[in-house]
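What follows is the residue order along each chain.
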Amino acid sequence: MDERVKVRVLLVFGDQAEIVADAPDAVEPARYPAREIARELGVAASELPGMRLTAAVGPRDRLSGWRTA
């Protein structure tokens, strides 16, 4: 079974979404392709900011398999 983590989308800047762990002490956002996330969720990239999601943790702690939380 995949390890899943809760995250939130801070903002979309250009073609990148800034993602941060959904935890009070999380401060370091990571960037992921907004179009990829939006496609997996079935929404427009402009709807991503503020969304709370879960993602599977892969090699080198890269996230994928985006789902709404």
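In the block above lies the structure referred to throughout.
Figured I'd write up the structure that's included with this text. Owing to the predicted nature of the structure, the values given are computational and were not obtained by experimental measurement.

## Notes on unusual backbone geometry
One non-glycine residue, R60, lies in positive phi territory at about 55°. Assessed through its relative accessible area of 80%, R60 is described here as exposed.

## A word on the sheet that holds strand β3 (residues 30-33)
Spatially, the five strands line up as an open sheet ordered β3-β2-β1-β4-β5, and their pairing is antiparallel. The open sheet is flanked by β3 and β5 (63-68), the only strands paired with a single partner. Taken pair by pair, the neighbouring strands of this sheet meet at an average axis angle of 45°, ignoring direction. Where helix α1 (residues 34-41) meets the sheet, it contacts β1 (4-13), β2 (16-21), β3, β4 (52-57) and β5, and its direction lies at approximately 45° from that of β5.

## As for the packing of aromatic side chains
Note on aromatic pairs: each is described by the distance of the centres and the angle between the planes. Here the structure, examined in full by the defined rule, presents one aromatic pair. Taken together, a centroid distance of 5.2 Å and an interplanar angle of 75° make the contact between Y32 and W66 edge-to-face. One end of the pair, Y32, is in strand β3; the other, W66, is in strand β5, with 34 residues separating them in the sequence. A residue is classified by how much of its surface remains accessible, and Y32, at 5% relative accessible area, is buried. The class of W66 is buried, set by a relative accessible area of 3%.

## As for the nonpolar core
Residues I19, I37, L48, L53 and W66 are the most contacted members of the largest nonpolar core, which totals 15 residues. Contributing elements (two or more residues each) for this core: β1, β2, α1, β4 and β5. When residues of this core are assigned to their parent elements, the largest contribution, four residues, is made by α1. Aside from chain neighbours lying at most four places away, what touches L48 is V9, V12, A34, I37, A38, L41 and V43.

## Observations regarding the environment of D22
With respect to the helices and strands, the residue D22 is situated in the loop between β2 and β3. When its relative accessible area of 28% is taken as the criterion, D22 is described as partly exposed. With 16 residues separating them along the chain, D22 and K6 place their C-alpha atoms 5.3 Å apart. Excluding its chain neighbours within four sequence positions, the residues that come into contact with D22 are K6, V7, R8 and R52.

The rules behind each value
Residues numbered from 1 in each chain as written. Predicted model: local features only at pLDDT ≥ 70, side-chain atom pairs only at ≥ 80, totals over all residues. Heavy atoms only, no water. Buried < 20%, exposed > 50% of the residue type's maximum accessible area, 1.4 Å probe, protein only. Pairing = 2+ DSSP bridges. Helix = DSSP H or I, 4+ residues; strand = E, 2+ residues; numbered from the N terminus. Axes fitted to C-alpha atoms, helices over the stretch in contact; angles between N-to-C directions. Contact = heavy atoms within 4.5 Å. Phe/Tyr/Trp six-rings, centres within 6.5 Å; stacked < 30°, edge-to-face > 60°. Core = buried A, V, L, I, M, F, W, Y, C linked by side-chain atoms within 4.5 Å.

Limitation: the analysis is restricted to geometry and does not speak to function.
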